[in-house]
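# Summary of the model geometry
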Amino acid sequence: VEVARPSATVAFLRSIMPHKRIDELYTAIGYHKHGKTELYRLLAHELARPDARFEEAEGTRGLVMAVFTLPALNIVLKIIRDEIAPPKSTTRRHVMEQYHRVFVRDRVGRLADAQLFQGLEFRRECFPEPLLRELVDAAPSVVRVEGASVAFGHLYTERRLRPLNLYLQ
C-alpha cells in the first residue's frame, strides 16, 4: 500500500482491529521496516519488566531451528542451528539464503510476518539456565553469553502459532 502517511492508515486499521499489534499492521500494508521498529520497541518494553522471562516454545524440538518465546507476546524467536541433524540435508547458510529470498522476492504467505534481527542483546536473567544452555549448544556461532547479557548475532521473529499436533491432541 502506497500512502502519504502510513501512520494514519495504521491508526485507522487499529481502530477497526484493536487487538492487532501495531507492528503487524505496518507489516501487513508493506512497511516492513516500520513494523520491525515497532516490534523491537514492543519487545524492549516487555523485557524491561523485572519478571520478563523467555521460555522454550511449545511443540516438538526442531532439527533446523531452536525456538523460544516471551509468553507476554504472541511471537516466537528463532535461531538456526549450527549443525542440522539428519534426516534434514541442508545447511545453516542455505536456510538463511531461503529466508533472504522470501524477504526480498516473495513476502507473502507463511513468512509475511517474519522479521530478521541482527546484533540483539537481552539480559541474561531473562533466560532460564536450561533454555540458555539449549540456545548456546544449538548455535554457538550465533549465541554468546557476555557477562550479564546474552547476545544474538542473528535471529528471526515470527507470529507464534500453536503446532497442529498439539492443537489436535
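The structure this text deals with has already been given above.
In what follows, the accompanying structure is described.

Cut-off values and rules
Residues numbered from 1 in each chain as written. Predicted model: local features only at pLDDT ≥ 70, side-chain atom pairs only at ≥ 80, totals over all residues. Heavy atoms only, no water. Helix = DSSP H or I, 4+ residues; strand = E, 2+ residues; numbered from the N terminus. Expected span 1.5 Å × (residues − 1). Buried < 20%, exposed > 50% of the residue type's maximum accessible area, 1.4 Å probe, protein only. Arc of directions from axis to C-beta. Contact = heavy atoms within 4.5 Å. Salt bridge = Lys/Arg side-chain N within 4 Å of Asp/Glu carboxyl O.

If you check helix α3 (residues 32-47), its first and last C-alpha atoms are 22 Å apart, about what 16 residues at 1.5 Å a residue would give, namely 22 Å. Of the residues making up α3, those classed as buried are Gly35, Leu39, Leu43, Glu46 and Leu47. For α3, the angular spread of buried residues about the axis comes to 100°, placing them on one side. In α3, the exposed residues that point more than 90 degrees away from the buried face are Lys33, Arg41 and His45. Looking at the buried residues of α3, the elements they touch are α2 (22-28), β3 (75-80), β4 (115-117), β5 (120-123) and β8 (155-159).

A few words now on the pattern of salt bridges. Under the defined criterion, the tally for this structure stands at 15 salt bridges. Across the pair Asp51 and Arg49 runs a salt bridge whose closest N-O atoms are separated by 3.2 Å. The exposure class assigned to Arg49 is partly exposed, which follows from its relative accessible area of 38%. The salt bridge partner of Glu125 is Arg123, with a shortest N-O separation of 3.1 Å. Residue classification places Glu125 among the partly exposed residues on the basis of a relative accessible area of 48%. Arg123 gets classed as partly exposed once you look at its relative accessible area, which sits at 28%. What you see here is one network of salt bridges that share partners, running through Glu56, Arg61, Arg81 and Glu134.

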